[in-house]
Structure formats: C-alpha cells, structure tokens
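Structure assessment
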Amino acid sequence: MSLPSTDIVPAWLPPGFEIRTAETNGVRLSAAVGGRGPLVVLLHGWPQTGRAWAQVMPALAEHHTVLVPDLRGTGASERPDGGYTKANQADDMRGLVTALGLTGPVVVVGHDIGSMIAFAWALHRPEDVAAVVLLDAYLPGVDLEASMNVVTGGSWHFGLFMAPQIPEMLFDGHELEFVTATFTALRTTSKFTDEELAYYADTYRGRDHLRGGFGHYRTLLEDGRENRAALAAGPVTVPVLSIGGRDSVGDQTTEALRPHVENLTGLVAPTGHFVAEEAPEWFVRTLRDYLDGKVLPA
C-alpha cells in the first residue's frame, strides 16, 4: 500500500525529489523518488541512510527514475524486530517498487549492506533485475565469511555488531564519536562535514535506533547460508558491475564473484569505502557508461 507523501522534507533532499512511504512485506518504508526514465534503485549502507546518495541523485535523475529508500531499521523507515535477512530485504524493495507504482526491470545499485541486499535481489529474484552494481562490500556466502574471521586478520566489527544487545549498550551515548571515527577511518579523499556526521549520529541515536542498524549484521551468517544454497543451484545470470575502493575492498570481491556470475565487470574506484561520496562524478560517469554498454577501463 502506497501512502501519501510526507510533509517532512529533509534538508538534504535534492530539488525534484519527494519523500514517499509505503507499507509492504510487513514494514513501513520511507524513500525519496525523483526523475524520469528507466528505474534505478540506490541502496545505502551502514551507518547511513538514503542521504548517502544525495550528491549523485540529481545527475542520475536526468535520465532515470531514481528510488532511494531508507532500509528497514534505518532512517525514516520502521524498525521491526526481525526481517533483516538480505533476501527478505530484497522483497522489501520489490514490494516498495510495486507499492509506489513504479515498473522495472530495475537497475539496483548497492553500497556496503545495500550491496548485500542488491546481490540477494539478483540472486534470489533475478526476474526483476536488469543489472546490479555493487560498491565496496564483502558478500555473504562469497567472501564475507573469510573477511570477518579475526583469526586470519579479518575485520573485528562484524562479530561485535552481530552480538545481541552488547553493541547497543556500548555505543549508546557515543554515537557521534563512533560515526566520526568510522567515517574518518574508511574514507580516502572526501571529508564528511560536521553536519553530515551529526545527522548520521542522530539518525542512529539511542538503543532502539542502534538495534535497527545492528539488525542488518545479525543475519549475516543466515544470509551466507541462503546465498551458498542458491549459488549451488547455478550462477547469477543478471549482469553485475563490481566496484571496490582502491583503499578498501579493491578487487577482492570481484575476484571472489568470478566463479558465480555469468556476466561480470570489475573496477577499482579511486576512493576508500564511500565510492559515491568520495568520487561522485567518477561514479555517475562509470554507471552511465556501464548502462550504455560502453567499454570500461580494467
């Protein structure tokens, strides 16, 4: 069910976009919508919201209808107790598209957690998807499990964020410190403003908001099992563009995807983790060239 546009217009929303809400798949979702043309869905990562795409939304809307949701558990969307598996969140997105009266096939672009959802969408519901673009994220069932194994030098935060209640207790009251430390460590060229850092910290402030964010991590092992089972039945048939930040994931995920994707293009962005924010012009040009069928640099 599609609901009327909200009266609350966030200050970051680019001109020509409006906020819409919809009830679908057992959750109320909020999303920005603008532009005209083939549908592109932009899925943000953690600890962010749809605002992550603000710099690239106007340019993409010149040739596309652009849908920018706040994922389940984040931003202006509802924070249910469950439903955070990436396959189920792909169904969130499918229902949102339908509820808002939009039509596909869909180009899905995901960053971080959003990449995991985009990949699940292509893997489990390929009939909806024209192409998938994955920005700097390890993928459950592909390379995430090895990348979060601290015994072999993997990233420590996955296990902490997956633990019940503990991260909410630790970060409650320290949201701005944590967001600032995280964004500073992961970016290369772009400086997030104090206002942006404060916005994201406020969005995740308090134990309930933190719980919604950590819900995305608490299903990662289940996500991996679901993805491995689906990949065992056959490769991903949807075209995939995999982009890793030069100073972050690099080409690791691209190489891990090669046995599992029939039509794979891999690139390394001149960035850290936040590809669309650190190099927005590069990202828009690369996405346009890919969708136009142009040959991309190796």
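Our subject is the structure listed above.
Summary of the structure given here. (Residues numbered from 1 in each chain as written. Predicted model: local features only at pLDDT ≥ 70, side-chain atom pairs only at ≥ 80, totals over all residues. Heavy atoms only, no water.)

1. Description of the environment of Leu 39
By secondary structure assignment, the location of Leu 39 is in strand β4 (residues 39-43). Looking at Leu 39, the relative accessible area reads 2%, which means it is buried. In this structure the C-alpha to C-alpha distance between Leu 39 and Leu 102, which are 63 residues apart in sequence, comes to 7.7 Å. Apart from the residues lying within four places of it in its own chain, the contact partners of Leu 39 are Thr 65, Leu 67, Val 97, Leu 102, Thr 103, Pro 105, Val 106 and Val 107. (Helix = DSSP H or I, 4+ residues; strand = E, 2+ residues; numbered from the N terminus. Buried < 20%, exposed > 50% of the residue type's maximum accessible area, 1.4 Å probe, protein only. Contact = heavy atoms within 4.5 Å.)

2. Focus on the pattern of salt bridges
Scanning the model with the defined rule gives 17 salt bridges in all. Salt-bridge contacts for Asp 91 lead to Arg 94; the nearest nitrogen and oxygen are separated by 3.4 Å. Here Asp 91 pairs with Arg 94, and both are found in helix α2 (residues 86-99), just three residues apart, close to one helical turn. Residue Arg 94 is classed as partly exposed on the basis of its relative accessible area of 23%. With a shortest N-O distance of 3.1 Å, Arg 258 and Glu 255 are connected by a salt bridge. (Salt bridge = Lys/Arg side-chain N within 4 Å of Asp/Glu carboxyl O.)

3. Considerations on the environment of Leu 13
Along the chain, the position of Leu 13 falls in the loop between β1 (2-3) and β2 (17-24). A relative accessible area of 11% means that Leu 13 is categorised as buried. For the pair formed by Leu 13 and Gln 55, sequence separation is 42 residues and the distance between their alpha carbons is 9.8 Å. Once residues lying within four places of it in the same chain are set aside, the contact partners of Leu 13 are Glu 18, Ile 19, Ala 32 and Met 57.

4. Looking at the nonpolar core
Formed by 55 residues in total, the largest nonpolar core has its most connected members in Leu 67, Phe 119, Trp 121, Val 236 and Leu 257. Sort the elements by how many residues they give to this core and helix α3 (residues 113-124) lands first, with eight residues. What Val 236 contacts, discounting residues up to four positions off in sequence, is Phe 119, Ala 122, Leu 123, Leu 231, His 260, Val 261 and Glu 262. (Core = buried A, V, L, I, M, F, W, Y, C linked by side-chain atoms within 4.5 Å.)

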